[in-house]
Amino acid sequence: MAKTKQKIGRYGIPRSLNIKGTRYRIIVAPEVLMNGSPVEGLCDYPGHALWVKVNDPTTMWSTLLHEIYHAGLFETGFAQTSLDMDLHHLIVENLSTITADLIIKCFFSKKKG
């Protein structure tokens, strides 16, 4: 199987990701709306798209991680259980925050250890 180079879009955000065998497009837009209200990001499960609002790079990457976790829970079937949406969102928010903190500390921190 040939390896292909990942296509990177604006702001260093990839144009798509494979999440549990499903290709999700990543759309970076100046405005993202959910039910008519502005949001930082959105996971469109049926459309297999992750939307991220243009913002500072840290916020955009944190938002992308957040939406990736939403997609991951959906693609594994976890989101289709009787799990309360508030709990679902709490899990996603905490996982994305922990991941972002680890990435920053491990790869971008000037302090070692």
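Here the structure is shown first, and the text comes after it.
This text gives an overview of the structure that appears in the document. It should be emphasised that the depicted structure is a prediction, and the values quoted were computed from it without experimental measurement.

**Some points on helix α2 (residues 85-108)**
One full turn of an α-helix is made of 3.6 residues, so residues set three or four places apart face in the same direction.
Part 1 of the reasoning: Between its first and last C-alpha atoms α2 spans 33 Å; for 24 residues at 1.5 Å apiece the expected length is 34 Å, and the two agree.
Part 2 of the reasoning: All buried positions along α2 are accounted for by His-88, Val-92, Ser-96, Thr-99 and Ala-100.
Part 3 of the reasoning: Near the N-terminus of α2, the side chain that reaches the backbone nitrogen of Asp-86, with its oxygen 3.0 Å away, is that of Asp-84.

**Thoughts on the pattern of salt bridges**
Part 1 of the reasoning: The full count for this structure, using the stated rule, is one salt bridge.
Part 2 of the reasoning: The shortest N-O distance in the salt bridge between Lys-53 and Glu-40 comes to 3.9 Å. Highlighted residues: Lys-53 in strand β6 (residues 49-53) and Glu-40 in the loop between β4 (37-39) and β5 (41-44), separated in sequence by 13 residues.

**A few points about the sheet that holds strand β2 (residues 22-29)**
Part 1 of the reasoning: In spatial order, the strands read β1-β2-β6-β5; together these four strands make up an open sheet with mixed pairing. What marks the edges here is a single partner per strand, and that holds for β1 (16-19) and β5. For this sheet, the mean inter-axis angle between neighbouring strands, taken without regard to orientation, is 20 degrees.
Part 2 of the reasoning: Where β5 and β6 come together, four bridges link them in antiparallel fashion. Looking at β6, one finds that Gly-41 is bridged to Val-52.
Part 3 of the reasoning: Its contacts with the sheet place helix α1 (residues 57-75) against β1, β2, β5 and β6, and it is angled at close to 160 degrees to β6.

**Some remarks on the packing of α1 against α2**
Part 1 of the reasoning: Close contact between α1 and α2 brings their axes to 8 Å; oriented N to C, the two are set at 135 degrees. In this view, α1 runs oblique relative to α2, as classed from their interaxial angle. Regarding α1 and α2, the two cross each other, and that crossing is right-handed. Residues Ser-62, Leu-65, His-66, Tyr-69, His-70 and Leu-73 of α1 lie in contact with α2, whose contacting residues are His-88, His-89, Ile-91, Val-92, Glu-93, Leu-95, Ser-96, Thr-99, Ala-100 and Ile-103.

**With respect to the packing of aromatic side chains**
Part 1 of the reasoning: Per the stated rule, a full pass over the model turns up one aromatic pair.
Part 2 of the reasoning: With 4.4 Å between their ring centres and 20 degrees between their planes, Tyr-45 and Phe-74 make a pair best called stacked. Pair noted here: Tyr-45 is in the loop between β5 and β6 and Phe-74 is in helix α1, with a separation of 29 residues, a long-range link.

Conventions adopted
Residue positions are given per chain, counting from 1 as you read along its sequence in written order. Owing to the predicted nature of the model, reporting of local features is limited to residues with pLDDT of at least 70; listing and counting of side-chain atom pairs is limited to 80 or more, with chain, interface and lining totals taken over all residues. Computation of side-chain values covers all heavy atoms of the structure but excludes hydrogens and water. Only DSSP runs of H or I covering at least 4 residues are called helices, and only runs of E covering at least 2 are called strands; the numbering of each starts at the N terminus. What a helix is expected to span follows from its residue count: subtract one and scale by 1.5 Å. Throughout, exposure labels follow a simple rule: accessible area from a 1.4 Å probe, protein chains only, divided by the maximum for the residue type, with under 20% read as buried, over 50% as exposed, and the rest as partly exposed. Polar contact is defined as a pair of N or O atoms within 3.5 Å, subject to the rule that within protein one atom must be able to donate a hydrogen and the other to accept it, and that residues adjacent in sequence are counted only when both atoms are side-chain atoms. Just to be clear on terms, a salt bridge is a Lys or Arg side-chain nitrogen sitting within 4 Å of an Asp or Glu carboxyl oxygen. In this description, strands pair whenever DSSP reports at least two bridges between them. Here an axis means a line fitted to C-alpha atoms, over the contact stretch when the element is a helix, while the angle between two N-to-C directions is reported on a 0 to 180 degree scale. Contact definition: two residues touch when any of their heavy atoms are within 4.5 Å. Any angle that is under 35 degrees is reported as roughly parallel, and any over 145 degrees as roughly antiparallel; angles of 65 to 115 degrees are reported as roughly perpendicular and all others as oblique. Should the near helix be turned anticlockwise from the far one by less than a right angle, the crossing is left-handed, and should it be turned clockwise, the crossing is right-handed. In this analysis, rings of Phe, Tyr and Trp, with Trp reduced to its six-membered ring, are considered paired at centre separations within 6.5 Å, and the interplanar angle assigns stacked below 30 degrees, edge-to-face beyond 60, and tilted for intermediate values.

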